[in-house]
Amino acid sequence: VDRRQRQMCIRDRSVSSLNQFIRCPLSFYYENILRIPTTSSDAAAYGTAMHHALQKLFDKMRFSQSKSFPSVKFFIQFFEEDMKRQRGYFTQKEYDRRLEMGRENLTNYYNHHISNWKKEVKTEFVVRNVEMDGVPLTGIIDRLDFLPNNAIHVVDYKTGSHNACLLYTSDA
């Protein structure tokens, strides 16, 4: 793929698709340009269930009159409901393992963060017509937390492994 073709391929893409292009241009071409269907993995289905549970937790808080978060019991229920929808991506053994792992991880996450979660938030924020260093970006931000002094904290839910070398803040 020559330079001009690459520019056309990455125009108006999400950050996720740009990362895919960097990791494997051929995979990017098949999935994003040719739009050849792919199957989801059990890890992706688990991540989707976790994501939906977090989204629903914050949406329930946002739209409640009291602006209070549902209990951890309901949070786990949101996850379990979505795991049932994702059931076809798992073997029975993997489904049971992921279900238990999700219950434990979400309970710990809830208990650790509930006292610090912001209540002025926006979930599933759509980004369009944004350019960064000459690259147009589109996509959906999982959550925006609105902080004092017009600051915004961008939250991107992840359930997979991470590379600690890539984790840093702009102050580093």
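What this report covers is the structure whose coordinates are included nearby. A quick note: this is a predicted structure, and the numbers were derived from the prediction, not measured. (Residues numbered from 1 in each chain as written. Predicted model: local features only at pLDDT ≥ 70, side-chain atom pairs only at ≥ 80, totals over all residues. Heavy atoms only, no water.)

**Describing the overall build of the protein chain**
Thinking step 1. Each helix and strand counted, the protein chain has six helices and four strands in total.
Thinking step 2. In the protein chain, the order of α-helices and β-strands from amino to carboxyl end is α-β-α-α-α-α-α-β-β-β.
Thinking step 3. A burial count over the protein chain gives 29% of its 172 residues as buried.
Thinking step 4. Contacts in the protein chain between residues at least 24 apart in sequence constitute 52% of all its contacts with a sequence separation of at least 6.
Thinking step 5. Here the protein chain has roughly 12,200 Å² of accessible surface; of this, 52% comes from carbon and sulfur atoms. (Helix = DSSP H or I, 4+ residues; strand = E, 2+ residues; numbered from the N terminus. Buried < 20%, exposed > 50% of the residue type's maximum accessible area, 1.4 Å probe, protein only. Contact = heavy atoms within 4.5 Å. Areas by Shrake-Rupley, 256 points an atom, 1.4 Å probe, with all protein chains shown as cover.)

**Quick notes on a nonpolar patch on the surface**
Thinking step 1. On the surface, L26, Y29, Y30, I33, L34 and I36 cluster together to form a nonpolar patch covering roughly 520 Å² of accessible area.
Thinking step 2. Here Y30 shows up in helix α3 (residues 25-33). (Patch = residues over 30% accessible without salt bridge, like charges linked within 9 Å, V, L, I, M, F, W, Y side chains within 5 Å. Salt bridge = Lys/Arg side-chain N within 4 Å of Asp/Glu carboxyl O.)

**Looking at the pairing of strand β3 (residues 135-146)**
Thinking step 1. Inspection of the sheet shows strand β2 (residues 121-132) paired to β3 by nine bridges, in the antiparallel sense. Paired with M132 across the strands is V135, a residue of β3.
Thinking step 2. Inspection of the sheet shows β3 paired to strand β4 (residues 152-155) by four bridges, in the antiparallel sense. Of the residues in β4, the one forming a bridge with D145 is H153. (Pairing = 2+ DSSP bridges.)

**A closer look at the pattern of salt bridges**
Thinking step 1. Using the criterion set out here, one finds nine salt bridges in the structure.
Thinking step 2. Close ionic contact of E100 with R103 constitutes a salt bridge, the shortest N to O distance being 3.7 Å. On the criterion of helical spacing, the pair formed by E100 and R103 is a turn pair, its members being three residues apart in helix α6 (residues 92-113).
Thinking step 3. For R103, a relative accessible area of 28% gives the class partly exposed.
Thinking step 4. Shared partners join several salt bridges into a network, and the residues in it are E80, E100 and R103.

**Here's the deal with the packing of helix α4 (residues 42-63) against helix α5 (residues 72-85)**
Thinking step 1. For the pair α4 and α5, the least separation of the axes is 8 Å and the interaxial angle reads 140°. In terms of their interaxial angle, α4 and α5 are classed as oblique. Crossing geometry of α4 relative to α5 is assigned as right-handed. Contacts between α4 and α5 pair Y46, T48, A49, M50, H52, A53, L54, K56, L57 and K60 from the former with F75, F78, F79, E81, D82 and M83 from the latter. (Axes fitted to C-alpha atoms, helices over the stretch in contact; angles between N-to-C directions. Parallel < 35°, antiparallel > 145°, perpendicular 65-115°, else oblique. Left-handed = near helix turned anticlockwise from the far one by under 90°.)

That is the geometry; function is a separate question.
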